[in-house]
Amino acid sequence: MKEKHRILLVKLGFGVLSFFVFFLIWDWFAVTDTRHLLPRPLDIFKALIQIVITNGKGDSTGHLFSEHVLASLMRVSYGFFLAATVAIPVGLLWGWSIYAESLSKPIVELLRPIPPFAWIPFAIIFFRDPFDAVFIVYLGAFFPIVLSTVAGVKAVDSILIDAAKTLGVNKWQLFSKVIVPASLPHIMTGLRIGLGIGWMAIVAAELVGVREGGLGLYIHVMSDYGLYGNVFAGMFLIGIIGFLMITAVTYIERRLSRWAEIL
Amino acid sequence: MGRNTIIQIRNLTKVFEKEKARIEALGDLNLDVYEGEFFCVIGPTGCGKTTLLRIIAGLESPTRGEVLLNGQRVTKPGADRGLVFQEFALFPWRTTRKNIEFGLEVKGLPSEKRREIVERYVKLVGLQGFENALPRQLSSGMKQRVAIARALANDPEVLLMDEPFGSLDAQTRNIMQRELLTIWDKTKKTVVFVTHSVDEAVYLADRIVVLTARPGTVKRIVEVELPRPRDRTGERFYAVRRPLLQELEIEVEKAMSKN
């Protein structure tokens, strides 16, 4: 028990120390930067407080900060749910049937190496806002979900399939009562990774495209006005929101896959 | 005992063709299993005991020959043959209750009926109080009880058991053997039980078949006429055990010299 406390103390102490050293070095760089492009940590903090207090009223982006957050979240949600709705069934079928695999694998392997961001210029001219951004999120989230689902189906222990067969299942029951629940931990991992990439993709898409609101647009505009404190504050909030979303999905993942945990 | 044959195995041959190797697991095996008996299969490692059981279960198809269950040719797995695996093969996301319920759910039984049956089998295998536990929360002995209850709840014609106690420690193993006999006595099921332990076979079986080294075929069938409960340390127990051990040893040596 004492050993546990000591380790906790070390982790906490060194954690604080690492932050402190990090910001100290940062501050030194900021102070010595003669072009004044790198904001000082304290300025970022001030900008952050200001954003929280005023909700970015009158910040020349034309929107409240909460509207930017909401715009980004909406685009990510659409893209992510669309990706999950298509990728999970495709992955399940691909993992299950050689026909489905032969149909989907070549196309997926062809498109997968293209970073979703490379689609941004095409998406901007092809779709209307917000569907261009949704499309980018969709592409970013789709592949990890599909591939994790396939891996999940292929990792189902064959002895469970044998057991189910001797208990009298038909094909559909085998699929719905064994294959799907057995692959659930893998599917959840895919969703978590997909959401992370989707969040990256949305900011990239908003940075490049001119559109109505969004966190990517926010840091883009702030950068144009030379408000680098606000740029970094925006970056920080993008990180926080991403972290919160991933944490929420991880929580659901843990709950749904509790049976798979090894004691 | 009215000796009605429930399983007939006729000229059963199984050859596994792998990339380079051609393994003849079973070679022209003939065997009858009678209704209601406790039938044990012993043989050296790799003699095709498990393959035999998997063919009866319908999970593997024979290269030649056939298996008949009540005169019907076995072609695929079905609820009329329950299988208990050495590795338990429980669905890890299902609780004890839901594991036992699996076959009943598949059959489409209404939930009150399922509940009633599950309760009966939970009691039969002594798992009261663990109905809502997940497999990972159970000891190996308890896991195998769940697996036995799951197979029995489906009310199969025969219960196939593939070294079900092979991964249990010695004490648990003895307890499970005793309880299995009690369960067998209550349910009157035909049991085909594969093991590599002569001791286990003599303790459990009405009849024991000794298989030869690969390709597996019948070497000898022994009737065990000892009254139950059997005394593992008794003179009569040894009298049955000794010749079986000797015969098995010959086959094990044959199997080893082949490899």
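What this report covers is the structure whose coordinates are included nearby. (Residues numbered from 1 in each chain as written. Chains lettered and ligands numbered in written order. Predicted model: local features only at pLDDT ≥ 70, side-chain atom pairs only at ≥ 80, totals over all residues.)

Right, let's get into the overall build of chain B. When helices and strands are counted, chain B shows seven helices and ten strands. For chain B, whose C-alpha radius of gyration is 18 Å, the value lies close to the compact-globule estimate of 18 Å for 259 residues. Over its C-alpha atoms, taken along the principal directions, chain B stretches across nearly 55 × 45 × 40 Å. Of all intrachain contacts in chain B linking residues separated by at least 6 positions in sequence, the fraction that spans at least 24 positions is 72%. (Helix = DSSP H or I, 4+ residues; strand = E, 2+ residues; numbered from the N terminus. Rg over C-alpha atoms; globule rule 2.2 N^0.38 Å. Contact = placed C-beta atoms within 7 Å.)

Right, let's get into the pairing of strand E7 (residues 158–162) of chain B. All names here are of chain B. In terms of burial, E7 is largely enclosed, as five of its five residues are buried. Every second residue of E7 is oriented toward a common face, with Val158, Leu160 and Asp162 on one face and Leu159 and Met161 on the other, all of them buried. Bridging between strand E6 (residues 81–84) and E7 involves four bridges; their strand directions are parallel. Residue pairing in the sheet places arginine 81 in a bridge with valine 158 of E7. Both E7 and strand E8 (residues 190–194) contribute to a ladder of five bridges, which runs parallel. Looking at the pairing, aspartate 162 lines up with valine 194 of E8. Regarding topology, helix H5 (residues 170–187) serves as the crossover connection from E7 to the parallel E8, and that connection is right-handed. (Buried ≥ 20, exposed ≤ 12 C-beta atoms within 10 Å, placed from the backbone. Pairing = 2+ DSSP bridges. Right-handed = clockwise from strand over helix to strand, strands pointing away.)

Residue and element names in this part refer to chain B. Axis separation between helix H2 (residues 96–107) and helix H4 (residues 140–153) bottoms out at 7 Å; the angle between their running directions is 25°. The angle between the axes of H2 and H4 places the two elements in the roughly parallel class. For the pair H2 and H4, the sense of crossing is right-handed. Between H2 and H4, the residues in contact are Thr96, Asn99, Ile100, Phe102, Gly103 and Leu104 and Val146, Ala149, Arg150 and Ala153, respectively. Grouping the constituent residues of the contact of H2 with H4 by class yields six nonpolar, three polar and one charged. (Axes fitted to C-alpha atoms, helices over the stretch in contact; angles between N-to-C directions. Parallel < 35°, antiparallel > 145°, perpendicular 65-115°, else oblique. Left-handed = near helix turned anticlockwise from the far one by under 90°. Nonpolar A, V, L, I, M, F, W, Y, C, P; charged D, E, K, R; others polar.)

What follows is about unusual backbone geometry. All names here are of chain B. Here the bond from arginine 214 into proline 215 is cis, since omega is -10°, no more than 30 degrees from zero. Examined against the element boundaries, proline 215 turns out to sit in the loop between strand E9 (207–211) and strand E10 (218–223). Arginine 228 connects to proline 229 through a cis peptide bond whose omega is -5°. When you line up the elements, proline 229 lands in the loop between E10 and helix H7 (235–258). Its identity is not glycine, yet aspartate 155 carries a phi of approximately 50°, on the positive side.

Moving on to the nonpolar core. Side chains of nonpolar character tend, in soluble globular proteins, to be buried together. By size, the foremost hydrophobic cluster in this structure holds 79 residues, and its most contacted members are Ile56, Ala149 and Val192 of chain B. Here alanine 149 of chain B is in contact with Ile100, Tyr121, Val122, Leu124, Val125 and Leu127 of chain B, once residues within four sequence places are set aside. Listed in part, the 52 residues of the second largest apolar core include Val134, Ala141, Met188 and Tyr218 of chain A. (Core = buried A, V, L, I, M, F, W, Y, C linked by C-beta atoms within 7 Å.)

The subject of this paragraph is the interface of chain B and chain A. Taken together, the contacts link 21 residues of chain B with 14 residues of chain A. Considering every element that reaches the side of chain B that touches chain A, the biggest residue donor is H2 of chain B, with four residues.

Quick look at helix H9 (residues 215–224) of chain A now. Residues and elements named next belong to chain A. Looking only at H9, the buried set comprises Leu215, Gly216, Leu217, Tyr218, Ile219 and Met222. Among the structural elements, helix H3 (65–96), helix H8 (171–208) and helix H10 (228–256) are those in contact with the buried residues of H9. Within two residues after H9, glycine 226 carries a phi angle of roughly 75°, on the positive side.

This part covers the sheet that holds E8 of chain B. Residue and element names in this part refer to chain B. On the basis of which strands lie adjacent, the open sheet formed by six strands has the order E6-E7-E8-E3-E9-E10 and mixed pairing. Every other strand in the sheet has two partners, leaving E6 and E10 as the edge strands with one partner each. Ignoring which end each strand starts from, the neighbouring axes of this sheet average 15° apart. Examined bridge by bridge, E9 and E10 share five bridges and lie antiparallel to one another. Bridge pairing in E10 places isoleucine 208 opposite valine 222. Packed onto the sheet, H4 meets E6 and E7 and runs at close to 175° relative to E6.

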